[in-house]
Amino acid sequence: MGAGRRAMGYRVERDVLDEQGLEELARRMDYSDTHLPLNERLKESFRCTVPRLKRTVVGCLPVLYWLPRYSIWDYGMPDLIAGISVGIMHLPQGMAYALLASLPPVFGLYTSFYPALVYFFFGTSRHISIGTFAVLSIMVGSVTERLAPDNDFLIMINGTNSTEVDIASRDSYRVQVAAATSILAGMIQVLQNNKIQSRCSCLLQTLVEVCSKLPQTHLPTLVVSAVSIGFLIAAKQINSAISAKLPVPIPVELITIVSATVISFYIKLNGIYTIKVVGEIPSGLAAPRLPDTNLFREVIGDAFALAIVGYAISISLGKTFALKHGYKVDSNQELVALGLSNAVGGLFQCYAVCSSMSRSLIQETTGGMRCVCTLLNAPLCSSLYQAVLAAIIFVNLKSMFKQYYDIITLWRSSKVDLMVWFVTWVSTLLLNLDLGLGASIIFAVLTVIFRTQLPRYSVLGHVPGTELYLDMETHREVREVPGITIFHSSATVYFANADLYLEALKEKSGLDISKMIIYKRRQEAKQRRREKRAERRAKRRAKREATSQVRLAETPLMHTNHTNHPGIHLGESPGDDQPGWCGRENGTVFVMPMTPRASGDQCSWEYLKGGGDPDSATLGTVSELQDGDTTTLGSSSEDTLSRDLDKVSLGSLGKWTWDIHSIILDLSTANFIDTVAIKTMKNIFHDFGEIDVTVYMAGCQVHVVEQLELGGFFSETITKGRLFVTVHDAVLHCLGHQGTSTPGLEISTCALTNSVLTPQKSLRYK
């Protein structure tokens, strides 16, 4: 590659990059170190060295990387404050969210401890808080209630015909279901099991059932809930107002739980008004136990949904904090860490976990870098009202209810995203969280496919002084490159929009290929018929001339009295009453010279102009004929009229074929190309080639070029010389190939803003 410059007027010369040029450049370089044979690469991948072993171990246990570098002076106090703050939040949230999962509150406390301890060793995020989360708790609750409904645990009351629910047996079985779901979800996250089986449990039915039981509302419980909700909302508003002045946020939930527990313990409202309380909470930690493995096949679909939803929430939150604080979160390692947290936690009767937005924000704002919450010994919470825990859940879900404001924002910004939001909401309400999530994902994919079928097609123009090419409709400063149409699509070309791509290309280029090809073939057929007629006329003319020569040899030439030019004898035309005339329909009459010529001289015809009447004719020579007259020498006046009509018809088809000599397809937006699109591209190259328009491609990514090769796109007629690295390289080649220069087309380097583009030599793509 070379470059040349000239001062003032700056005519810049540079090589044009195309695919063949890049391949030639690659062959000149030595890739022996990077392109090893397959067997050598396999040996290298399985070779065990000390640095590789160290990287593998540290990659599996990130705690070995950051713990030796941990600074107690820098992070000790912030982490202690964050640990206390988040641990305090874990207590009420764990107990409350366990009710969402239809489990005893103590298992929410277990879920707040064991998974977080496992994530401490295997996680890569410094700020997310692993534990209970409202969405996953609801999903687990739908599984436990479906597989362990109250009706399956009814027992007879001694001495009566009435029944009651065996709560202990029901809760024990539900714990096994939740633990089995957690273990299986963890295994899926670690190993990716893609098998999906699920059952539908409609949330709408639950909502209808709740509404139907509103008349049976227990008023004392309603009062406790209302008071708790009011206190929590007011305290959180105050907390938000003064949070900037406080080192740590006020633990509103903990204060609420402690206050409610003290009031309940001394006033004994549960005995007077039968308000339900949490009940016995065992102290200490539970021993590990494996749940019933027969439950795995019953919860495989739910476990898969929990694995996907939990990972999506955790990785999105983790990457948000990582981007804010300038470190990296390993997506694969996060999947392993979350999977092990669920699998190990399931052995200790925990249910599925993920990161919590509220706790993670508390940990991040208090300066925590590594937080492990501790399980508090809370046997005194046995007197706590369940209504208070329900109030905590309701208030903490306030941010989710605020998402309804997204409707206004999405209506203004993107109607398609609003449709996705609405479909997700409806499907989740009707089909439950897991199936609703799957339905919404499918709908979102369909919207992507639909939008790729309606991309924006545009013709690009050149920005003077640069190598940029922009949409001519949206940018006034761009200029059209004469004779070249640069076609751009905003989406990848594939089977769903290949036909639309072709139609848009016809429209934007102004060339209706189908009509023009049909017209061209029709004109070719006419031309062949003309040639055959001309050949037949030539044979007849030669025969007549031979006959005339024989008659002239036998009969003396006669002087005509109808001309003022003595010495000229008219040739004889068969079928005429006047011998010697060689008539033409267009009124031009040819005569033979009277004066004999030398044997070596050529016999030149002379003609009379002025119609069929020799009296009014004038003498001339063939060299005086104009272009229109010359065409009549080998064809009839009908052929001349037909040819004139041909030009009019060709013009009516759009642009003249010689107005555009090249079309450049900008494929910089294409990230793949399938077989249907490859066939469409072949047809474009072939069809435009038939009307003498050359097609080029520009901006293809490397893997797109590889797919073109595998699809058999290249041939003797379509070579890699038609592929260019950039649109500008393709334009340079087109202008150079046509042998034209465009003074108005400029390119820029840093100092050459006034340079003029001229056609240059080609160095193309691979």
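Reading guide: rules and limits
Residues numbered from 1 in each chain as written. Predicted model: local features only at pLDDT ≥ 70, side-chain atom pairs only at ≥ 80, totals over all residues. Heavy atoms only, no water. UniProt positions renumbered as here; feature names shortened; annotations may be inferred. Helix = DSSP H or I, 4+ residues; strand = E, 2+ residues; numbered from the N terminus. Buried < 20%, exposed > 50% of the residue type's maximum accessible area, 1.4 Å probe, protein only. Contact = heavy atoms within 4.5 Å. Polar contact = N/O pair within 3.5 Å; in protein donor to acceptor, adjacent residues only side chain to side chain. Phe/Tyr/Trp six-rings, centres within 6.5 Å; stacked < 30°, edge-to-face > 60°. Axes fitted to C-alpha atoms, helices over the stretch in contact; angles between N-to-C directions. Parallel < 35°, antiparallel > 145°, perpendicular 65-115°, else oblique. Left-handed = near helix turned anticlockwise from the far one by under 90°. Nonpolar A, V, L, I, M, F, W, Y, C, P; charged D, E, K, R; others polar. Pairing = 2+ DSSP bridges. Salt bridge = Lys/Arg side-chain N within 4 Å of Asp/Glu carboxyl O.

- The name given to the chain in an unreviewed UniProt entry is STAS domain-containing protein, with the source organism recorded as Esox lucius.
- Per UniProt, the chain carries the Subcellular location (unreviewed entry) text "Membrane".

1. Observations concerning the overall build of the chain
Link 1 in the chain: Each helix and strand counted, the chain has 26 helices and 17 strands in total.
Link 2 in the chain: By residue count, 41% of the 766 residues in the chain fall in the buried class.
Link 3 in the chain: Of the contacts formed within the chain by residues at least 6 apart in sequence, a portion of 75% connects residues at least 24 apart.

2. Some points on the side chain of His488
Link 1 in the chain: Along the chain, the position of His488 falls in strand 9 (residues 484-489).
Link 2 in the chain: In this structure the side chain of His488 is engaged in a polar contact, spanning 2.9 Å, whose partner is the side chain of Asp666.
Link 3 in the chain: If sequence neighbours within four positions are ignored, His488 has contacts with Arg456, Tyr457, Ser458, Leu460, Asp666, Ser668 and Thr669.

3. Quick notes on unusual backbone geometry
Link 1 in the chain: A positive phi angle, near 60°, is found at Gln349, a position not held by glycine.
Link 2 in the chain: You can see Gln349 is positioned in the loop between helix 14 (331-347) and strand 6 (354-355).
Link 3 in the chain: The phi angle at Asp692 is positive, at roughly 65°, despite the residue not being glycine.
Link 4 in the chain: One can find Asp692 in the loop between helix 24 (675-690) and strand 15 (694-698).

4. Side note on the packing of aromatic side chains
Link 1 in the chain: One pass over the full model with this rule turns up 18 aromatic pairs.
Link 2 in the chain: Ring geometry for Tyr404 versus Trp421: centroids 5.8 Å apart, planes at 75°, classification edge-to-face. Taken together, the positions of Tyr404 in the loop between helix 17 (398-401) and helix 18 (406-413) and Trp421 in helix 19 (residues 415-452) put the pair 17 residues apart, joining distant regions of the chain.
Link 3 in the chain: Judged by relative accessible area, Tyr404 falls into the partly exposed class, the value being 39%.
Link 4 in the chain: With a centroid separation of 5.7 Å and an interplanar angle of 65°, the aromatic rings of Tyr696 and Phe724 are classed as edge-to-face. Highlighted residues: Tyr696 in strand 15 and Phe724 in strand 16 (residues 723-724), separated in sequence by 28 residues.
Link 5 in the chain: Assessed through its relative accessible area of 0%, Phe724 is described here as buried.

5. Let's talk about the packing of helix 8 (residues 167-191) against helix 14
Link 1 in the chain: For the pair helix 8 and helix 14, interaxial distance at closest approach is 7 Å and the crossing angle is 155°. Here helix 8 lies roughly antiparallel to helix 14, going by the angle between them. Once helix 8 is placed against helix 14, the crossing between them reads as left-handed. Contacts from Ala179, Ser182, Ile183, Gly186, Gln189 and Val190 of helix 8 reach helix 14 at Leu335, Val336, Leu338, Gly339, Leu340, Asn342, Ala343, Gly346 and Leu347.
Link 2 in the chain: Of the residues contributing to the contact of helix 8 with helix 14, the split by class is 9 nonpolar, 6 polar and no charged.

6. Digging into the sheet that holds strand 15
Link 1 in the chain: Ordered in space as 8-7-9-14-15-16, the 6 strands form an open sheet in which the pairing is mixed. A strand with exactly one partner marks an edge of an open sheet, and here the two such strands are strand 8 (469-471) and strand 16.
Link 2 in the chain: Pairing geometry for strand 15 and strand 16, over 2 bridges, is parallel. Each bridged residue has a counterpart across the sheet, and for Met697 the counterpart in strand 16 is Leu723.
Link 3 in the chain: With respect to the sheet, helix 24 is in contact with strand 14 (662-666) and strand 15, its orientation differing from that of strand 15 by roughly 145°.

7. Some details on the packing of helix 10 (residues 219-242) against helix 11 (residues 252-267)
Link 1 in the chain: The interhelical angle for the contact between helix 10 and helix 11, taken along N-to-C directions, is 145°, at an axis separation of 10 Å. Considering the relative orientation of helix 10 and helix 11, their crossing is right-handed. On helix 11, the residues touching Phe231, Leu232, Ala235, Lys236 and Asn239 of helix 10 are Val252, Glu253, Ile255 and Thr256.
Link 2 in the chain: Tallied by class, the residues present in the contact of helix 10 with helix 11 amount to 5 nonpolar, 2 polar and 2 charged.

8. Remarks on the pattern of salt bridges
Link 1 in the chain: Following the criterion strictly, the structure yields 12 salt bridges and no others.
Link 2 in the chain: Here Asp150 and Arg170 are joined by a salt bridge, their closest N and O atoms 2.9 Å apart. Of this pair, Asp150 sits in the loop between helix 7 (134-147) and strand 4 (154-156) while Arg170 is found in helix 8, placing the two residues 20 residues apart along the sequence.
Link 3 in the chain: When its relative accessible area of 32% is taken as the criterion, Asp150 is described as partly exposed.
Link 4 in the chain: Judged by relative accessible area, which is 14%, Arg170 ranks as buried.
Link 5 in the chain: When the shortest N-O distance is used, the salt bridge between Asp471 and Arg456 registers 2.8 Å. Of the two residues, Asp471 is situated in strand 8 and Arg456 in the loop between helix 19 and strand 7 (457-462); the sequence distance between them amounts to 15 residues.
Link 6 in the chain: You can call Asp471 buried: its relative accessible area is 9%.

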